Amino acid sequence: QLQLVESGGGLVQPGGSLRLSCAASGQTLEYSAIGWFRQAPGKAREGIACISPFTDNTFYVDSVRHRFRISRDNAKNKVSLEMYLLRPEDTAVYYCAGGRGCSLTADNFRSWGQGTQVTVSS
């Protein structure tokens, strides 16, 4: 069973950058599509990025498309989310998830981490 743990969240000023990590255990992450989701208080969970296995095709929601980048590391045992030009509206709990297909719909993912808080504030 794929187990995921997020790390790297914290407090950052508007316009700043932050890098999140999604580490896998239980089985290899190699064959899984990995998505990043976020949820702010009072808001629905939002899919923001996904990377497919083998081909490393990527998919982004429009609001982060030119500011965030999802990638696999050299050992392909974790997935990172690089974020730049951060805005206060990016404040949320960020989750990574594993599934068989790459989409921004939560129902497509079976394994979830516990989340990491990202706060963008001056």
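Preceding this section is the structure that the text describes.
Keep in mind it's a predicted model, so treat the numbers as computed, not measured. (Residues numbered from 1 in each chain as written. Predicted model: local features only at pLDDT ≥ 70, side-chain atom pairs only at ≥ 80, totals over all residues. Heavy atoms only, no water.)

(A) Here's a closer look at the pairing of strand β7 (residues 68–72). The buried count for β7 comes to 4 of 5 residues, which makes it a mostly enclosed element. Here β7 runs beside strand β8 (residues 78–83); their pairing, made up of 5 bridges, is antiparallel. By the bridge assignment, Phe68 is partnered in β8 with Met83. (Buried < 20%, exposed > 50% of the residue type's maximum accessible area, 1.4 Å probe, protein only. Helix = DSSP H or I, 4+ residues; strand = E, 2+ residues; numbered from the N terminus. Pairing = 2+ DSSP bridges.)

(B) Main features of the side chain of Asp73. By secondary structure assignment, the location of Asp73 is in the loop between β7 and β8. Buried charge Asp73 goes without a salt bridge, the closest partner of opposite sign being Lys78 at 4.4 Å. A distance of 3.1 Å separates a polar side-chain atom of Asp73 from the backbone nitrogen of Asn77. (Lys, Arg positive; Asp, Glu negative; His and termini not counted. Salt bridge = Lys/Arg side-chain N within 4 Å of Asp/Glu carboxyl O. Polar contact = N/O pair within 3.5 Å; in protein donor to acceptor, adjacent residues only side chain to side chain.)

(C) Just the state of the cysteines, in detail. Under the definition given, this model contains 2 disulfides. The disulfide partner of Cys22 is Cys96, and the S-S distance across this bridge is 2.1 Å. The sign of the S-S torsion, about 75 degrees, decides the handedness of the disulfide formed by Cys22 and Cys96: right-handed. Within this pair, whereas Cys22 is found in strand β3 (residues 18–25), its partner Cys96 is found in strand β9 (residues 92–99), the two being separated by 74 residues in sequence. Here Cys22 falls in the buried class, since its relative accessible area comes to 0%. Looking at the chain, its bonded cysteines, counted consecutively from the start of the sequence, adopt the pairing 1-3, 2-4. (Disulfide = S-S within 2.5 Å.)

(D) Seen up close, the sheet that holds β7. Read from one edge of the open sheet, 4 strands run β1-β3-β8-β7, paired in antiparallel fashion. Single-partner strands in this sheet number two, and they are β1 (3–7) and β7. Within this sheet the neighbouring strands show an average axis-to-axis angle of 15 degrees, counted without direction. (Axes fitted to C-alpha atoms, helices over the stretch in contact; angles between N-to-C directions.)

(E) Inspection of the side chain of Ser71 at higher detail. Tracing the chain through its elements places Ser71 in strand β7. Given a relative accessible area of 14%, Ser71 falls into the buried group. The residues contacting Ser71, other than those within four sequence positions of it, are Ile51, Lys78, Val79, Ser80 and Glu82. (Contact = heavy atoms within 4.5 Å.)

(F) Here's a closer look at the packing of aromatic side chains. The full count for this structure, using the stated rule, is 3 aromatic pairs. With a centroid separation of 5.7 Å and 45 degrees between ring planes, the pair formed by Tyr31 and Phe54 is classed as tilted. Placement of Tyr31 in the loop between β3 and β4 (33–39) and of Phe54 in the loop between β5 (46–51) and β6 (58–60) is noted, with a sequence separation of 23 residues between them. Through a chain of ring-to-ring contacts, three or more aromatic side chains come together here, namely Phe37, Phe109 and Trp112. Stacked on the ring of Tyr95, the Lys or Arg Arg45 has its end atom at 4.0 Å from the ring centre. Over the face of the ring belonging to Trp112 we find Arg45, whose NZ or CZ atom lies 5.0 Å from the ring centre. (Phe/Tyr/Trp six-rings, centres within 6.5 Å; stacked < 30°, edge-to-face > 60°. Lys NZ or Arg CZ within 6 Å of the ring centre and 35° of its normal.)

(G) Representation of the nonpolar core. Of all hydrophobic cores here, the largest spans 25 residues; its most connected members are Trp36, Leu81, Met83 and Tyr94. Counting only elements with at least two residues in this core, the list comes to β3, β4, β5, β7, β8, β9 and β11 (116–120). (Core = buried A, V, L, I, M, F, W, Y, C linked by side-chain atoms within 4.5 Å.)

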